[in-house]
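Secondary and tertiary structure notes
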Amino acid sequence: MNKIYLLFFFYILMSCKHDTPRQQNVLSNDSIQMIYLPEPTSPKIEDLIDSVTCIPLETNIECLLANIYKIEVYNDRFYIIDNNGESIFIFDNKGKFLFKINNKGRGPKEYLKVTDINFDPISKKLIASDCFSKKIFVYTPNGTLEKVLRVNFDLSYIAGLDSDKFIHMHSHCKNHIKDPILKNYDLQLLDSVGTITTGVIKNQTPLCINISTPCCASRTKNGTILYAPNLTDTIYHIAKSGEVRPEYIFQNNTSNYKTIPPDLRSKISYNEQNKILLQLLDRNYLFYNGTLFNSPEFLIAEFGLREKRKRLVYSKHDHKSILYDLEKTKGEKILGRITKYIIAQQNNTFYSTYAPAMLKLITEMENIPEKELKKYVTDLDENNNSLIFSFKFK
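A brief structural summary. (Residues numbered from 1 in each chain as written. Predicted model: local features only at pLDDT ≥ 70, side-chain atom pairs only at ≥ 80, totals over all residues. Heavy atoms only, no water.)

**Brief notes about the overall build of the chain**
- Looking only at helices and strands, the chain has seven helices and 26 strands in total.
- C-alpha atoms of the chain, sized along the principal axes, occupy 90 × 55 × 40 Å.
- Within the chain, the proportion of its 394 residues that are buried is 51%.
- Here the chain displays about 19,200 Å² of accessible surface, and carbon together with sulfur accounts for 50% of that area.
- Looking at the chain, you have 51 positive and 44 negative side-chain charges, and the mean spots of the two groups are 4 Å apart. (Helix = DSSP H or I, 4+ residues; strand = E, 2+ residues; numbered from the N terminus. Buried < 20%, exposed > 50% of the residue type's maximum accessible area, 1.4 Å probe, protein only. Areas by Shrake-Rupley, 256 points an atom, 1.4 Å probe, with all protein chains shown as cover. Lys, Arg positive; Asp, Glu negative; His and termini not counted. Charge placed at Lys NZ, Arg CZ, Asp CG, Glu CD.)

Structure (structure tokens):
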């Protein structure tokens, strides 16, 4: 009888062990590319930016937007969520309103608030998440709901992988989390029903929170993802299979700036995060702030906070970098303003957005000549939806 109990206990133990999420090692990469951070400059903005186009979004009762939170660009369409998160608005690439997805509610196939969207080029599906109801929604490009997954954790950024699997990039403060995979790793792999199976990339900022979550990862047309954890010096390549390896490393090549060492990263807490980081900026520390865009020609990453943000433009062609202060560019003020906050990217085209009322206020406060503004914006009606600006780096 004792042997039977012993065998039963052993069976239960092995079953639990099999279901326990596992750690996945980051693969080694012998061809890691070093990105040398040069001394920051104050370039003439016209020497960096080219091909600027203003796209006014249609305004009617069906598509009134609050401040735009995130834009996904796919097949000549803009998929947009605003700060309210009540709907996903779809416009064509000329700004014409097409339709919206509105499934707000408390039902099994409804969300409380859309907190993130991401287009998956592998499955050609739009993936939306709601951190409040803890659900993942999978839509077709035309807005048909195909699948709803319920998870047991607070969602951040979700992307699709091969075989109907997902990867989760966790950006919330983790000091209250008990799940070891969520707490100890920056990435979690999910199976087709939304269960966490594996943790990847050991978390180096356990008490911290990502500063710029909507732009923490950048996806290519073939489905691969570039991702960099907050305050890191390493950019990781995530394959469609879920394999992760380091792709780029930031190497400080400046004489006036320092980078945050790992022991200091681990001590920065969410409660005093901004205060500590601003103090580090005053002491000439240079740190990655969670904003990353990967185009065929350029890698764009940002460092610092608020009025002390710096943008890195790394050319993949000649492996040269420019690091410039976003508040200290020379040349046309309005061009510096409308390209200051990148919100989306597709191929080599980048996108920013401004509410007309805010853009008008900026031009008045900074005494920007109307002639300079008219070069890029012909109609500035404060009651209209936001303007989207597309541009390229030279």
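**Remarks on helix 4 (residues 273–282)**
- Of all the positions in helix 4, only Gln-273, Ile-276, Leu-277, Leu-280 and Leu-281 are classed as buried. Mapping the buried residues of helix 4 onto a view down its axis gives an arc of 145°, with all of them on the same face. In helix 4, the exposed positions angled more than 90 degrees off the buried face are occupied by Lys-275 and Asp-282.
- Where helix 4 is buried, its residues meet helix 3 (262–265).
- Looking one or two places after helix 4, you find Asn-284, whose phi comes out positive at around 65°. (Arc of directions from axis to C-beta. Contact = heavy atoms within 4.5 Å.)

**Section: the sheet that holds strand 25 (residues 349–354)**
- Strand order in this open sheet of four strands is 3-26-25-24, and the pairing throughout is antiparallel. Taken across any chain shown, the strands that pair with only one partner, and hence form the sheet edges, are strand 3 (49–56) and strand 24 (344–346). Taken pair by pair, the neighbouring strands of this sheet meet at an average axis angle of 25°, ignoring direction.
- Across five bridges, strand 25 lies against strand 26 (residues 387–393) in antiparallel orientation. (Pairing = 2+ DSSP bridges. Axes fitted to C-alpha atoms, helices over the stretch in contact; angles between N-to-C directions.)

**Topic: unusual backbone geometry**
- Phi at Lys-124 takes a positive value of approximately 60°, unusual for a residue other than glycine.
- Mapped onto the secondary structure, Lys-124 falls in the loop between strand 8 (116–120) and strand 9 (125–130).
- The exposure class of Lys-124 is partly exposed, given its relative accessible area of 47%.
- Positive phi values are uncommon outside glycine, yet Ile-201 reaches one of about 70°.
- Mapped onto the secondary structure, Ile-201 falls in strand 15 (residues 196–202).

**Remarks on the pattern of salt bridges**
- For the structure shown, the criterion picks out 16 salt bridges.
- Where Lys-375 meets Glu-332, a salt bridge forms, and the shortest distance between an N and an O atom there is 2.9 Å. Pair noted here: Lys-375 is in the loop between helix 7 (370–374) and strand 26 and Glu-332 is in the loop between strand 23 (321–325) and helix 5 (333–338), with a separation of 43 residues, a long-range link.
- When salt bridges with common partners are traced through the structure, they connect Glu-302, Arg-309 and Arg-311 into a single cluster. (Salt bridge = Lys/Arg side-chain N within 4 Å of Asp/Glu carboxyl O.)

**Things to note about the packing of aromatic side chains**
- A full pass over the atoms with the stated rule returns 15 aromatic pairs.
- Between Tyr-74 and Phe-119 the ring centres are 4.0 Å apart and the planes differ by 10°, which places this aromatic pair in the stacked class. Placement of the pair is Tyr-74 in strand 4 (residues 68–74) and Phe-119 in strand 8, with a sequence separation of 45 residues.
- For Tyr-74, a relative accessible area of 13% translates into the label buried.
- An aromatic cluster is built from Phe-293, Phe-298, Phe-350, Phe-391 and Phe-393, whose rings are joined through pairwise contacts.
- Here the basic side chain of Lys-202 rests over the ring of Tyr-185, its NZ or CZ set 5.3 Å away from the ring centre. (Phe/Tyr/Trp six-rings, centres within 6.5 Å; stacked < 30°, edge-to-face > 60°. Lys NZ or Arg CZ within 6 Å of the ring centre and 35° of its normal.)

**Overview of the state of the cysteines**
- In this structure the tally under the stated criterion is zero disulfides.
- This cysteine, Cys-63, is not joined by any disulfide, and Cys-54 carries the nearest cysteine sulfur, 16 Å off.
- For Cys-63, a relative accessible area of 0% translates into the label buried.
- Cysteine Cys-131 shares no disulfide, and the gap to the nearest cysteine sulfur, in Cys-216, comes to 14 Å. (Disulfide = S-S within 2.5 Å.)

**Brief notes about the environment of Lys-320**
- Residue placement: Lys-320 occurs in the loop between strand 22 (310–315) and strand 23.
- Assessed through its relative accessible area of 58%, Lys-320 is described here as exposed.
- Along the primary structure Lys-320 and Leu-37 are separated by 283 residues, whereas in three dimensions their C-alpha atoms are 9.4 Å apart.
- Sequence-distant contacts of Lys-320, that is, excluding residues within four places in its chain, are made with Val-313, Tyr-314 and Ser-315.

**Some remarks on a nonpolar patch on the surface**
- Taken together, the side chains of Met-358, Leu-361 and Met-365 make up a nonpolar region of the molecular surface, amounting to roughly 310 Å² of accessible area.
- Here Leu-361 lies in helix 6 (residues 356–365). (Patch = residues over 30% accessible without salt bridge, like charges linked within 9 Å, V, L, I, M, F, W, Y side chains within 5 Å.)

**What to know about the nonpolar core**
- Counting 26 residues, the largest nonpolar core has Ile-300, Ile-338, Leu-359 and Phe-393 as the members making the most contacts within it.
- Breaking this core down by element, the ones donating at least two residues are strand 21 (298–303), helix 5, strand 25, helix 6 and strand 26.
- No other element matches the four residues that strand 26 contributes to this core.
- When neighbours within four sequence positions are excluded, Ile-338 is seen to be in contact with Val-52, Ser-352, Tyr-354, Leu-359, Tyr-376, Phe-389 and Phe-391. (Core = buried A, V, L, I, M, F, W, Y, C linked by side-chain atoms within 4.5 Å.)

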